[in-house]
Amino acid sequence: MPQGPGSGASAGGPPRAEPRLRVFDPASPADLDRLYEVCLRTGFHGEDATGRYADPRLLGDVYAGPYAAHDPALVTVVDDGAGVAGYVIGCADTLGFEQWARVQWWAGVRRRHRELLATGARPTELDTALLRSLDRPAGPRPYLHGRTAHPAHLHIDLLPHVQGRGLGRRLVEHLLVQLGSRGVPGVHLGVSLRNPGAVSFYRRLGFRELVEPAPGAEGLTMGLRLR
């Protein structure tokens, strides 16, 4: 999530209202659609992924929708007056969430994607890789266990026009308070090395690398202890 200056207005449109943080409304189709839109428009190493996926809802089906369904209280959004323009999404228990998603969510994602392909859409390499990742074993994650565990994780995305206003820090700090109030000892996240602005942002918030990245790795796993 790069922290560049925001424009405060859409290109060629009227000025937007001052962005504010509010609770995500899981009963609002508009909120969910905008959550998916923000996920797509920030989904390629922090840049717009529109057109890179044959299925424009697939990124949201993996990185936004299941969290909003599983624990909507841990979804806080930035509202720019026109709707959701950014969000932080939290998960207090990564392993519990993954078990829930295997049972309750991924089958529906695959079914909807097959229905899309039946209309003649041709998947891109990114579609295929993302779907395959749902079945791939996660591998060792020692940071989820033990005395220094970081069992929670988060995702945060902001559209360019609401970046650079301190909203990212406010979103993360709000979520950290929520997780801390639940007794969560630590939180982790993944960040692309092709998004150096995001890496610097997390470091300023106190996040540190939890594992040494493998040679040629494209991302970092970073964490922060809450107590």
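Scroll up a little and you will see the structure.
Bear in mind the structure is a predicted one, so any value in this text is a computation, not a measurement. (Residues numbered from 1 in each chain as written. Predicted model: local features only at pLDDT ≥ 70, side-chain atom pairs only at ≥ 80, totals over all residues. Heavy atoms only, no water.)

Draft legend 1. Up close: the pairing of strand β7 (residues 219–225). With respect to burial, β7 is a largely interior element, five of its seven residues being buried. Judged from the seven bridges that link them, strand β5 (residues 186–192) and β7 form a sheet pairing that is antiparallel. Residue pairing in the sheet places Ser192 in a bridge with Gly219 of β7. Summarising the sheet, strand β6 (residues 208–209) and β7 pair through two bridges and their orientation is antiparallel. Note on β7: the bridge partner recorded for Arg208 is Gly223. (Buried < 20%, exposed > 50% of the residue type's maximum accessible area, 1.4 Å probe, protein only. Helix = DSSP H or I, 4+ residues; strand = E, 2+ residues; numbered from the N terminus. Pairing = 2+ DSSP bridges.)

Draft legend 2. Main features of the sheet that holds β7. If you walk across this open sheet you meet the seven strands as β1-β2-β3-β4-β5-β7-β6, and the pairing is mixed. In this open sheet, the two edge strands, each paired with only one partner strand, are β1 (20–23) and β6. Summarising the sheet, strand β2 (residues 75–79) and strand β3 (residues 84–91) pair through five bridges and their orientation is antiparallel. Following the sheet pairing, Val75 is matched in β3 by Ile89. Lying on the sheet, helix α7 (residues 167–181) is in contact with β1, β2, β3, β4 (152–158), β5 and β7; it crosses β4 at an angle near 155 degrees. (Contact = heavy atoms within 4.5 Å. Axes fitted to C-alpha atoms, helices over the stretch in contact; angles between N-to-C directions.)

Draft legend 3. Summary view of the environment of Tyr67. Mapping Tyr67 onto the fold places it in helix α3 (residues 65–70). A sequence separation of 78 residues divides Tyr67 from His145, and the C-alpha atoms of the two residues are 21 Å apart. With residues near it in sequence (within four places) discarded, Tyr67 still touches Val62, Pro72, Val75, Ile89, Gly90, Cys91, Phe97, His153 and His155.

Draft legend 4. Broad picture of the environment of His113. Mapped onto the secondary structure, His113 falls in helix α5 (residues 106–117). The buried category is assigned to His113, whose relative accessible area is 4%. A C-alpha to C-alpha distance of 29 Å links His113 and Leu220, two positions 107 residues apart in sequence. When neighbours within four sequence positions are excluded, His113 is seen to be in contact with Asp55, Leu58, Asp127 and Leu131.

Draft legend 5. Main features of helix α8 (residues 196–204). If you check which residues of α8 are buried, you get Ala198, Val199, Phe201 and Tyr202. Burial along α8 is one-sided: seen end-on, the buried residues are contained in an arc of 160 degrees. Turned more than 90 degrees away from the buried face of α8, the exposed residues are Pro196 and Arg204. Buried residues along α8 sit in contact with β4, α7, β5 and β7. Directly beyond the C-terminal end of α8, a positive phi value near 105 degrees is found at Gly206. (Arc of directions from axis to C-beta.)

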